[in-house]
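# Per-entry structural report
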Amino acid sequence: KKLETTATGIDVTGAIAGATNLGKVLQYKYINFSYQQGTTSNTYSFVKTGGSTDFSIAMTPSSASSIIVMQLNTFAGVSYESGSTQQRAKIRFEWDIAGAGYNVINTFGYIGGYNLNPADTIWSPDHQCSWLFHKVSGTTSEITWKVGFAKMSSGHTGNFAINADYLAGSSAYMMEVTP
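Summary of the structure given here. Keep in mind that this is a model prediction, so the values were computed, not measured.

## Considering the side chain of S171
Locating S171 in the fold gives a position in strand β16 (residues 170–177). Residue S171 is classed as buried on the basis of its relative accessible area, which comes to 13%. Dropping the residues within four chain positions of it, S171 is found in contact with Y30, I31, N32, Q71, L72 and N73.

## Description of the nonpolar core
F55, M70, L72, F93, W145, V147 and M174 are the most contacted members of the largest nonpolar core, which totals 22 residues. The dominant element in this core, judged by the number of residues it contributes, is strand β14 (residues 143–151), at four residues. Not counting the four nearest positions on each side in its chain, V147 is found in contact with S45, F46, V47, F55, L72, I91, R92 and F93.

## Quick notes on unusual backbone geometry
Its identity as a non-glycine residue notwithstanding, A98 has a phi of 55 degrees, on the positive side. With respect to the element layout, A98 can be found in the loop between β10 (86–97) and β11 (102–114).

## So, the environment of Y102
Within the fold, Y102 resides in strand β11. By relative accessible area, which is 30% here, Y102 ends up partly exposed. For the pair Y102 and W145, spaced 43 residues apart in sequence, the C-alpha separation works out to 8.5 Å. Discounting residues that sit within four places of it in the chain, Y102 has contacts with F46, E94, W95, D96, T144 and K146.

Reading the values: the criteria
- Residues numbered from 1 in each chain as written.
- Predicted model: local features only at pLDDT ≥ 70, side-chain atom pairs only at ≥ 80, totals over all residues.
- Heavy atoms only, no water.
- Helix = DSSP H or I, 4+ residues; strand = E, 2+ residues; numbered from the N terminus.
- Buried < 20%, exposed > 50% of the residue type's maximum accessible area, 1.4 Å probe, protein only.
- Contact = heavy atoms within 4.5 Å.
- Core = buried A, V, L, I, M, F, W, Y, C linked by side-chain atoms within 4.5 Å.

Rendered as structure tokens:
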């Protein structure tokens, strides 16, 4: 047996064919936050960790060929105004290299659902959401990661919230790995 599942994980015996360089984690940054914020706009706003403080994680890659992995875990919720049948939202990851300005590196869309009774103003059940993205750093200068969110379009009414569940909060990590 070369690979065996155990009660505490996986045991590997000997070499795994073709797995000559599995890489390794060089840096790991982590943040927890529970500040709730919402939007009724289809213009992006940065996610906040409290008050006017933008969520951000920064690191300086050791190599331009390193892979930067980013993951955001949160609860998202949508409200529906009376007469509305749907609400959708979008999330985007942005990063700034060495203070040159933020650039969009990926956009995720269609978070939300449908209001089954358009006569009511309601909150949908919170959606536990996790967004994962990775990209070659291309630099050895500091990278700062932020997350923006907005309503999907002006045709969708209501509100979209990050940390819609006050008890759960959000977490995010950014790590540098070797290719």
